[in-house]
Amino acid sequence: DAELAKIVHRLSSNAPLSLKAMKTLIIRQLDYRDDIPHEDVDALLQEARQSNDSKEGVRARLEKRKANFTGT
């Protein structure tokens, strides 16, 4: 239980837009179908890459501190 709690905490500490893209991709993969459309997932990933949270994540890592994600 303690190990699971660590994993959940680590995942939930990620940037909200990244979590949204990951969740969409995981749900899509669970369909186990070939030729699954992915344009919407590509758009979510692009949004996450261009977000303020992405920049904050890089800054926090370089400054060796916990990121303060806002979902923007």
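Up top is the structure these notes are about.
For clarity, every value in this text was computed on a predicted model and none was experimentally measured. (Residues numbered from 1 in each chain as written. Predicted model: local features only at pLDDT ≥ 70, side-chain atom pairs only at ≥ 80, totals over all residues. Heavy atoms only, no water.)

Peer 1: What exactly am I supposed to notice about the packing of helix α2 (residues 16–29) against helix α3 (residues 39–49) here?
Peer 2: Working note: a packed helix pair is described by the angle between its axes plus the distance between those axes. The contact between α2 and α3 brings their axes to 8 Å, and the two run at 160 degrees. Classed by the angle they form, the pair α2 and α3 counts as roughly antiparallel. The chirality of how α2 crosses α3 is left-handed. Across from Leu-17, Ser-18, Lys-20, Ala-21, Thr-24, Leu-25 and Arg-28 in α2, the residues of α3 making contact are Asp-40, Val-41, Leu-44, Leu-45, Glu-47 and Ala-48. Considered class by class, the residues forming the contact of α2 with α3 number seven nonpolar, two polar and four charged. (Axes fitted to C-alpha atoms, helices over the stretch in contact; angles between N-to-C directions. Helix = DSSP H or I, 4+ residues; strand = E, 2+ residues; numbered from the N terminus. Parallel < 35°, antiparallel > 145°, perpendicular 65-115°, else oblique. Left-handed = near helix turned anticlockwise from the far one by under 90°. Contact = heavy atoms within 4.5 Å. Nonpolar A, V, L, I, M, F, W, Y, C, P; charged D, E, K, R; others polar.)

Peer 1: Any chance you could explain the side chain of Asp-53 here in plain terms?
Peer 2: Summarising the element assignment, Asp-53 is placed in helix α4 (residues 52–62). The buried charged residue Asp-53 lacks any salt bridge partner; its closest oppositely charged side chain belongs to Arg-59, at an N-O distance of 7.9 Å. Not counting chain neighbours up to four residues away, the residues in contact with Asp-53 comprise Ala-15, Pro-16, Phe-69, Thr-70, Gly-71 and Thr-72. (Buried < 20%, exposed > 50% of the residue type's maximum accessible area, 1.4 Å probe, protein only. Lys, Arg positive; Asp, Glu negative; His and termini not counted. Salt bridge = Lys/Arg side-chain N within 4 Å of Asp/Glu carboxyl O.)

Peer 1: Explanation requested: a nonpolar patch on the surface in the structure shown.
Peer 2: On the surface, Met-22, Ile-26 and Leu-30 cluster together into a nonpolar patch covering about 290 Å² of accessible area. In this structure, Met-22 sits in helix α2. On the basis of relative accessible area, Met-22 is assigned to the partly exposed category, the value being 36%. (Patch = residues over 30% accessible without salt bridge, like charges linked within 9 Å, V, L, I, M, F, W, Y side chains within 5 Å. Areas by Shrake-Rupley, 256 points an atom, 1.4 Å probe, with all protein chains shown as cover.)

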